[in-house]
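Below are the chains, spelled out letter by letter.
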Amino acid sequence: MEFLSAETEALSPSATRAEPARRPTNSPPPASAARTNAALIALAFTVLCYELIGLPLLLDAAGGPTLALLATLAPVVLATPIHWGLIHEGIHGQLARDRRVNEWLARALSIGLAMPFDAVRFGHLMHHRFTREPFDRPDVHDTHDASGPRWRRRVAYYGRLMGGLYLAELLLPLLAFMPARIARAIIARGVGAHGHEGVQVQRLFANHATDPVRRRRARRDWLASLALYAASFVLYGKAWPVLLAAMYLRGLWLSLADNLPHYGVALDEPGRARDFRVPRVLGVLLMNHHLHRQHHLHPTLPWTALPALAHAEEAAGATARTGYLAAALRQFKGLQPGVDPG
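A brief look at the structure comes next. Note that the coordinates shown come from a computational prediction; the quantities given were computed from them, not determined experimentally. (Residues numbered from 1 in each chain as written. Predicted model: local features only at pLDDT ≥ 70, side-chain atom pairs only at ≥ 80, totals over all residues. Heavy atoms only, no water.)

Right, let's talk about the packing of helix H5 (residues 80-91) against helix H6 (residues 99-112) for a bit. Packed helices, taken two at a time, are described by the angle their axes make and the gap between the axes. Packing of H5 against H6 leaves a shortest axis separation of 9 Å and a crossing angle of 145°. Viewed along their axes, H5 and H6 form a crossing whose handedness is left-handed. Where H5 approaches H6, its residues His83, Leu86, Ile87, Glu89 and Gly90 are matched on the opposing element by Asn102, Ala106, Leu109, Ser110 and Gly112. Here the residues of the contact of H5 with H6 sort into 4 nonpolar, 5 polar and 1 charged. (Axes fitted to C-alpha atoms, helices over the stretch in contact; angles between N-to-C directions. Helix = DSSP H or I, 4+ residues; strand = E, 2+ residues; numbered from the N terminus. Left-handed = near helix turned anticlockwise from the far one by under 90°. Contact = heavy atoms within 4.5 Å. Nonpolar A, V, L, I, M, F, W, Y, C, P; charged D, E, K, R; others polar.)

Spelled out as C-alpha cells, the structure:
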C-alpha cells in the first residue's frame, strides 16, 4: 500500500500546530538571508577544516599539544551552534535559494559534523508535527508512558544531556546496515506507541528506517563521515585525544541545546516552546535558536526573521524572556512530572 513520505506528512499544514506561516513551505529565503547564510557556511567549513586538518598539522609542527594550540579549540566549539543552525536551515529549505543546492549544502554540513542528515531532518520535522508528544519529551517521567523504573529514566536523561544525544546520532546510521526488519523492530521499540498519536508516530519512524532510498543514503553519508574522521585521526597521530575532545565538546553543546527550549514546557503553551534573552552578538552565534518559540510558530521563516517577531511580541506586552544560560542550567534539575496530553 502506498503512503506519503514522512517528510511530506510532517510538513502537511493540517498536521502542524503552528500558526500559519508567512511564506509557503520550502520557499527560497530572502536574498539578505541567503547572503548571510553563505558567509556562515564559509565560516563553518573553515572551522571544520581547521579542526580536522589545520590543527593536527600545527600540533605535529609544534611537537605535540601546547596550551596555545589547545586554546584554539574554543572557537571550534563555539562555532558548533552555527554549524548546526545551518543544517537546521537546510532542513527547512532556507539555506540556499536553489532547492538542490540547499540539499547538497545541508548534507555536506551534516557529513562534516558526522550527523545522519536524512534521519536528523526526519526527526526534526516530526518534532515540529508532534511537539511534546510522549516520544518528544525526554525531560518528562510519566508513569503511563515511560518504561522501566524512574532511576533508569533519570540516568538516561542525564546521559542524553551530557553528550548521549550526539553519540546516538553518530551510531544511528548503523541501523541502515542491518536487515530492514531488525531496524524496524529497534526503531519501533525505541520510539514506542504512547499517547494519542503514538501508533502513527511509531509507524512513521519505522517506515523511515526501512525506506530503501534513505537506507542507501544513510550508508553513503555515514561512510563519508567515517572516512573523513578516520583520516583526521591519522593526521593527529599520538595527539588523537585532542580530536576526540573536540568532538565530545561539540556533541555536548548539541545535546544540551536540543531540548532546552522545551524543557518543562506545558502542552498548552503557544508553540510548545519558549524564547530566551541573549545579547545580540550571541543571537547570531546561536542563529537565533534562543527564539525557538517563534520558530515553532513560524517554521517556514528564515532565522533572520525571528528577532522582529520577538520584538513585536514583547512590545505587545508578552511575557518577558528569561536568560538562555539560566535555561540551559535549569535542565539539570532533572525529570519533570508527567502531564496529561488531554
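We are not done yet, so read on.
What follows concerns the pattern of salt bridges. Applying the stated rule across the entire model yields 15 salt bridges. For the salt bridge of Asp118 with Arg217, the shortest nitrogen-to-oxygen distance reads 2.9 Å. Of the two residues, Asp118 is situated in helix H7 (residues 117-129) and Arg217 in helix H11 (residues 212-236); the sequence distance between them amounts to 99 residues. Judged by relative accessible area, Arg217 falls into the partly exposed class, the value being 22%. Two residues, Glu313 and Arg293, come together in a salt bridge whose shortest N-O distance is 2.5 Å. Separated by 20 residues along the polypeptide, Glu313 in helix H15 (residues 306-315) and Arg293 in helix H14 (residues 292-297) bring together distant segments of the chain. We classify Glu313 as partly exposed; its relative accessible area is 25%. Salt bridges linked by common partners bring Glu103, Arg107, Asp118, Arg121, Arg217, Arg220 and Asp221 together as one network. (Salt bridge = Lys/Arg side-chain N within 4 Å of Asp/Glu carboxyl O. Buried < 20%, exposed > 50% of the residue type's maximum accessible area, 1.4 Å probe, protein only.)

Of note, His208 is situated in helix H10 (residues 198-210). For His208, a relative accessible area of 12% puts it in the buried group. With 90 residues separating them in the primary sequence, His208 and Asp118 have C-alpha atoms 9.2 Å apart.

Our focus in this paragraph is unusual backbone geometry. Even without a glycine there, the phi angle at Arg132 is positive, about 65°. With respect to the helices, strands and loops of the structure, Arg132 is situated in the loop between H7 and strand E1 (140-141).

Looking at where Phe205 falls in the secondary structure, it is placed in helix H10. On the accessibility criterion, Phe205 (15% relative accessible area) is buried. Contacts of Phe205, omitting those with residues within four sequence positions, involve Phe122, Met126, Phe135, Ile187 and Val191.

Under the defined criterion, the tally for this structure stands at 6 aromatic pairs. When the centroid spacing of 6.4 Å and the interplanar angle of 75° are considered together, the rings of Phe130 and Phe135 count as edge-to-face. Summarising the aromatic geometry, the rings of Phe177 and Trp222 are spaced 5.6 Å apart at their centres and angled 65° between planes, so their arrangement reads as edge-to-face. One end of the pair, Phe177, is in the loop between helix H8 (150-171) and helix H9 (180-191); the other, Trp222, is in helix H11, and 45 residues separate them in sequence. Relative accessible area serves as the criterion here: at 40%, Phe177 is assigned to the partly exposed category. Grouped by ring-pair contacts, the aromatic residues Phe122, Phe130, Phe135 and Phe205 constitute a single cluster. (Phe/Tyr/Trp six-rings, centres within 6.5 Å; stacked < 30°, edge-to-face > 60°.)

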